[in-house]
Amino acid sequence: HYKHVAVQYADDVIAGNVVAGVEIVAACKRFKADLARDDLELREHDPDLAINIMQTTLVHAQGEDLEGHALLGTPFILQPWQVFIIYNLLGFYYRGTNERRFKEAFIEVARKNGKTSMIAGLAWAVAILQRHSGSVCYIVAAALKQTLQAFHFLTFSLRYQKIDSQFEIKDNSFEHSIKYTFRKADGTPDGSIEIVAMPSNPDSQDSFNCNFAIADEVAAYKRPAQYNRFKEAQSAYTNKLMIGITTAGDNINSFGYGRQEYAVKVATGLVKDDALFAFVARADQDEKGNVDYTDPVQHQKANPSYGVTKRPADLMNAALQAQND
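Counting of residues starts from 1 at the beginning of each chain's written sequence and follows it residue by residue. Given that the model is predicted, a residue must reach a pLDDT of at least 70 before its local features are reported, and side-chain atom pairs must reach 80 or more before they are shown or counted; all residues, however, enter totals for whole chains, interfaces and linings. With hydrogens and water set aside, each side-chain value is computed from the structure's full complement of heavy atoms.

**Considering the environment of Ile 214**
Working definition: helices are DSSP H or I runs of at least four residues, strands are E runs of at least two. Numbering for both runs from the N terminus. When you line up the elements, Ile 214 lands in strand S8 (residues 212-216). Exposure is judged per residue with a 1.4 Å probe applied to protein chains only, and the accessible area is read against the type maximum: over 50% gives exposed, under 20% gives buried, and values in between give partly exposed. A relative accessible area of 2% places Ile 214 in the buried class. Residues Ile 214 and Val 22 lie 192 residues apart in sequence; the distance between their C-alpha atoms is 25 Å.

Shown next as structure tokens:
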């Protein structure tokens, strides 16, 4: 059971025990306020099961910990900020109904904090959770190479656990997908899952129908259609979820920047959108948008995995090199 982890993370952020930027503080305050709402209830089953699925079936495909020990094949253990996100997305229901509260999410985290692996794992878990509805999950990005990072994280885990032969896995120049039909003891179907990785081509005429979609690196999306076509593909499902994730970009005229600005307004309460969850990890800015990028406190605010997957010395060294260049 992981509710206490999500609640403790929110309490620690609000109290200042965990360093976080104003947007994450606002997201945690929103979470605590949602717990007190009469029209919402936090159900632990789905987020707990999703987290357990991820942590018992997924393993690291590469990398080392801060002490230099190889992570290859070690269990994929979620950090508190990741548990917090999953509990928000899957836990809140409108009281007395089977309808989940959040239908959309915007997650911004700096590079190498583990967001792509987490979101790929979440697609895997949600597919299994909603298998009775015929789960179809799309992982899309502006470039196919980006989507394959998430897809290959999943296929590596299946092969490492030696259960890949049970699934229909296609990984070729035409298709990248994982499919499986669940069956009861008597052989009758008991739901199905399909996870597909592909580039987000706004000019494609394909007809999509899914309950879960991940738009990776939305900062690179040039047109809203690259995002909206998958959001619109979820109309057949009540409990759908469209997630946009990014490391942030450098074009204020991009679709991703617009989504970021809207998400910040929702997180901080300037705009009310009960269906959107926002988790924006970034350094604090002054009124002109400037950031003290050599301040380790700001490094922590942009990197929730600071000291876990992100090495503080590397961040400081890069900041000083940028200052001196």
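**Details of the pattern of salt bridges**
Side chains that differ in charge, positive against negative, can pair when their charged atoms come close. Basic side-chain nitrogens of Lys or Arg form a salt bridge, by our definition, when they fall within 4 Å of a carboxyl oxygen of Asp or Glu. Applying the stated criterion to the full structure yields 18 salt bridges. Where Asp 11 meets Lys 32, a salt bridge forms, and the shortest distance between an N and an O atom there is 2.5 Å. On the criterion of sequence distance, the pair formed by Asp 11 in helix H1 (residues 3-15) and Lys 32 in helix H2 (residues 22-35) is long-range, its members being 21 residues apart. According to the relative accessible area criterion, Lys 32 is partly exposed, its value standing at 29%. The closest approach of N and O atoms between Lys 115 and Glu 217, which form a salt bridge, is 3.8 Å. Of this pair, Lys 115 sits in helix H5 (residues 115-129) while Glu 217 sits in the loop between S8 and helix H7 (225-231), placing them 102 residues apart in sequence. The exposure classification of Lys 115 matches that of Glu 217, with both residues buried. Linked through salt bridges whose partners overlap, the residues forming this network are Asp 34, Arg 37, Asp 39, Arg 101 and Asp 274.

**Comments concerning the packing of aromatic side chains**
Ring pairs are drawn from Phe, Tyr and Trp, using the six-membered ring of Trp, whenever the two centres fall within 6.5 Å, and their geometry is named by plane angle: stacked under 30 degrees, edge-to-face over 60, tilted for the rest. A full pass over the atoms with the stated rule returns 17 aromatic pairs. Centroid distance Phe 84 to Phe 279: 6.4 Å. Interplanar angle 50°. Geometry classified as tilted. Here Phe 84 is found in helix H4 (residues 80-91), whereas its partner Phe 279 is found in strand S10 (residues 276-280), with 195 residues between them in sequence. The buried category is assigned to Phe 84, whose relative accessible area is 0%. Look at Phe 279 and you get buried, because its relative accessible area is 1%. Centroid distance Tyr 180 to Phe 182: 4.8 Å. Interplanar angle 90°. Geometry classified as edge-to-face. Look at Tyr 180 and you get partly exposed, because its relative accessible area is 24%. Ring pairs connect the aromatic residues Tyr 9, Phe 31, Trp 81, Phe 84, Phe 92, Phe 102, Phe 277 and Phe 279, which therefore count as one cluster. A cation over an aromatic ring shows up here: Arg 43 above the ring of Tyr 93, its NZ or CZ 4.3 Å from the ring centre. Note on geometry: a ring has a charge over it if NZ (lysine) or CZ (arginine) is within 6 Å of the ring centre and within 35 degrees of the ring normal. When the ring centre of Phe 182 is taken as reference, the NZ or CZ atom of Arg 131 above it lies at 5.2 Å.

**Here we look at the packing of helix H3 (residues 45-57) against H5**
Here the axes come from fitting lines to C-alpha atoms, over the contacting stretch only for helices, and the angles between their N-to-C directions go from 0 to 180 degrees. Axis separation between H3 and H5 bottoms out at 9 Å; the angle between their running directions is 120°. The angle between H3 and H5 falls in the class oblique. Crossing angle aside, the handedness with which H3 passes H5 is right-handed. Across the interface between the two elements, Asp 46, Leu 49, Ala 50, Ile 53, Met 54 and Thr 57 from H3 touch Met 118, Gly 121, Leu 122, Trp 124, Ala 125, Ile 128 and Leu 129 from H5. Amino acids are sorted into nonpolar (Ala, Val, Leu, Ile, Met, Phe, Trp, Tyr, Cys and Pro), charged (Asp, Glu, Lys and Arg) and polar (every other residue, Gly among them). Considering only residue class, the contact of H3 with H5 consists of ten nonpolar, two polar and one charged. Angular relationships are summarised with four words: roughly parallel below 35 degrees, roughly antiparallel beyond 145, roughly perpendicular across 65 to 115, and oblique for the angles in between. For a crossing to be left-handed, the near helix must be turned anticlockwise from the far one by less than a right angle; the clockwise case is right-handed. Pairs of residues are marked as contacts when any of their non-hydrogen atoms sit within 4.5 Å.

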